[in-house]
Protein chains: 2
Amino acid sequence: MNDPDCIFCKIIAGEIPSSKVYEDETLFAFKDIQPVAPVHILIVPKKHIPGVNEFSPEDEPIAGKLFSAARKIAADQGVAGDGYRLVVNTGKHGRQSVDHLHLHLIGGKRLEVSLG
Amino acid sequence: MNDPDCIFCKIIAGEIPSSKVYEDETLFAFKDIQPVAPVHILIVPKKHIPGVNEFSPEDEPIAGKLFSAARKIAADQGVAGDGYRLVVNTGKHGRQSVDHLHLHLIGGKRLEVSLG
């Protein structure tokens, strides 16, 4: 547990249940409980990094693993062929909902053009 | 030049003009010509990686650099404090417009909640 008050740290630790779809030594991934599309997965580092503004050079390998995991999970979820969207929200303007860095993987339908 | 038919490779090579905001040995970043918000930057690897589905383990350091550059560019553009959104579109469902991996950095206004 990195931050005892963080809901994602509690999910990673198994203290709060989740629909896990992937886990390795660096990352944990589970279904978003408020999906915006048929496939909506959150991929989170096990390390408690609050957000992109707190992402340090030493965290760069984690970002690499996030991309590799996104590719694998998209394939596992059957959306690799049709496509998908990866999103990281930061801060108030970005509508970040939990202050633990997370990558949304969204697919299973043709997504809206608008990004903002 | 990695792919002579790729518009982003041409921008990186300076063959097509762009409003560059950042460059290092790995990445090139420029203003989106169709911004959806006051700040809308595209951060692209100089290596021609078509998309996330073609992202290989050897490319993981590039993803790390993408996150570090996003943090720096968000600060440079004055949106770090209020927040921003990072997006990578993949394939048809994801509305990927150019087949060269690119990270959208979007900010400068309160973004829509919807991600898909």
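Okay, so let's go over this structure. (Residues numbered from 1 in each chain as written. Chains lettered and ligands numbered in written order. Predicted model: local features only at pLDDT ≥ 70, side-chain atom pairs only at ≥ 80, totals over all residues. Heavy atoms only, no water.)

We now examine the relation of the copies chain A and chain B. Between the two copies, chain A and chain B, the superposition gives an RMSD of 0.0 Å; the rotation angle is 180° and the shift along the axis is 0.0 Å. Interpreted geometrically, this transformation is the action of a two-fold axis. For chain A, the minimum C-alpha distance to the rotation axis belongs to Val87 of chain A and amounts to 2.2 Å. (Least-squares fit on C-alpha atoms with pLDDT ≥ 70 in both.)

Facing 41 residues of chain A, the contacting portion of chain B comprises 41 residues. Taking both partners together, chain A and chain B bury about 4300 Å²; carbon and sulfur atoms supply 53% of that area. Run the count over chain A and chain B and you get two salt bridges. The interface formed by chain A and chain B holds 34 residue pairs in polar contact (both at pLDDT 80 or more) in total. Elements that contribute at least two residues to the side of chain A that touches chain B include exactly helix 2 (60-76), strand 4 (84-90) and strand 5 (103-107) of chain A. Of the residues in the side of chain A that touches chain B, the class split is 17 nonpolar, 13 polar and 11 charged. (Contact = heavy atoms within 4.5 Å. Buried area = accessible area lost by both parts, 1.4 Å probe. Salt bridge = Lys/Arg side-chain N within 4 Å of Asp/Glu carboxyl O. Polar contact = N/O pair within 3.5 Å; in protein donor to acceptor, adjacent residues only side chain to side chain. Helix = DSSP H or I, 4+ residues; strand = E, 2+ residues; numbered from the N terminus. Nonpolar A, V, L, I, M, F, W, Y, C, P; charged D, E, K, R; others polar.)

Before going further, it helps to spend a moment on empty space enclosed by the protein. Taken as a whole and judged by the stated rule, the model has one cavity of 30 Å³ or more. Volume-wise, the largest cavity comes out at about 40 Å³. Along its surface, the largest cavity is lined by Phe67, Leu86, Val87, Val88 and Leu103 of chain A together with Phe67, Leu86, Val87, Val88 and Leu103 of chain B. Put simply, the parts of the chain that give the lining of the largest cavity at least two residues each are strand 4 of chain A together with strand 4 (84-90) of chain B. (1 Å grid on protein atoms, 1.4 Å probe; cavity = no way out; pocket = protein on both sides within 12 Å on 5 of 7 lines; lining within 4 Å. Points joined across faces, edges and corners; volume = space filled by probe spheres on them.)

Here we come to helix 2 of chain A. Residues and elements named next belong to chain A. In this model helix 2 runs 25 Å from its N-terminal to its C-terminal C-alpha over 17 residues, within 8% of the 24 Å that 1.5 Å per residue would give. Here helix 2 has its buried residues at Glu60, Ile62, Ala63, Gly64, Leu66, Phe67, Ser68, Ala69, Ala70, Ile73 and Ala74. After helix 2 finishes, the residue Gly78 shows a positive phi value of roughly 80°. (Expected span 1.5 Å × (residues − 1). Buried < 20%, exposed > 50% of the residue type's maximum accessible area, 1.4 Å probe, protein only.)

The phi angle at Arg95 of chain A is positive, at roughly 65°, despite the residue not being glycine. Following the sequence through the fold, Arg95 of chain A ends up in the loop between strand 4 and strand 5.

To summarise the sheet geometry, strands pair through backbone hydrogen bonds and adopt either a parallel or an antiparallel arrangement. Read across the sheet, 10 strands follow the order 1(A)-2(A)-3(A)-5(A)-4(A)-4(B)-5(B)-3(B)-2(B)-1(B) without closing on themselves; strand pairing throughout is antiparallel. Here the strands that pair on one side only, and so sit at the sheet edges, are strand 1 (20-23) of chain A together with strand 1 (20-23) of chain B. Neighbour to neighbour, the strand axes of the sheet diverge by 20° on average, direction disregarded. The sheet strands contacting helix 2 of chain A are strand 1, strand 2 (27-31), strand 3 (39-45), strand 4 and strand 5 of chain A together with strand 4 of chain B, and the helix crosses strand 3 of chain A at an angle near 155°. This element, helix 2 (residues 60-76) of chain B, spans strand 4 of chain A together with strand 1, strand 2 (27-31), strand 3 (39-45), strand 4 and strand 5 (103-107) of chain B of the sheet and lies at about 155° to strand 3 of chain B. (Pairing = 2+ DSSP bridges. Axes fitted to C-alpha atoms, helices over the stretch in contact; angles between N-to-C directions.)

Note on placement: Asp32 of chain A falls in the loop between strand 2 and strand 3. Among buried charged residues, Asp32 of chain A stands out as having no salt bridge; its nearest opposite-charge side chain is Arg85 of chain B, 11 Å away. Separated by 2.7 Å, the side chain of Asp32 of chain A and the backbone nitrogen of Gln34 of chain A make a polar contact. Those residues in contact with Asp32 of chain A, other than ones at most four positions away along the chain, are His40, Ile41, Leu42 and His104 of chain A. (Lys, Arg positive; Asp, Glu negative; His and termini not counted.)

Now for the packing of aromatic side chains. Using the criterion set out here, one finds seven aromatic pairs over all chains in the structure. Their ring planes at 80° and their centres at 6.3 Å tell us that Phe67 of chain A and Phe67 of chain B sit as a pair that is edge-to-face. With Phe67 of chain A in helix 2 and Phe67 of chain B in helix 2, this residue pair bridges two chains. An aromatic cluster of at least three residues, connected via ring pairs, comprises Phe55 and Phe67 of chain A together with Phe55 and Phe67 of chain B. (Phe/Tyr/Trp six-rings, centres within 6.5 Å; stacked < 30°, edge-to-face > 60°.)

As a further point, take the state of the cysteines. Residues and elements named next belong to chain A. Evaluated as defined, the whole model comprises zero disulfides over all chains. With no disulfide of its own, Cys9 lies closest to Cys6 among cysteine sulfurs, the gap being 3.8 Å. Take Cys9: its relative accessible area is 3%, and that puts it in the buried class. (Disulfide = S-S within 2.5 Å.)

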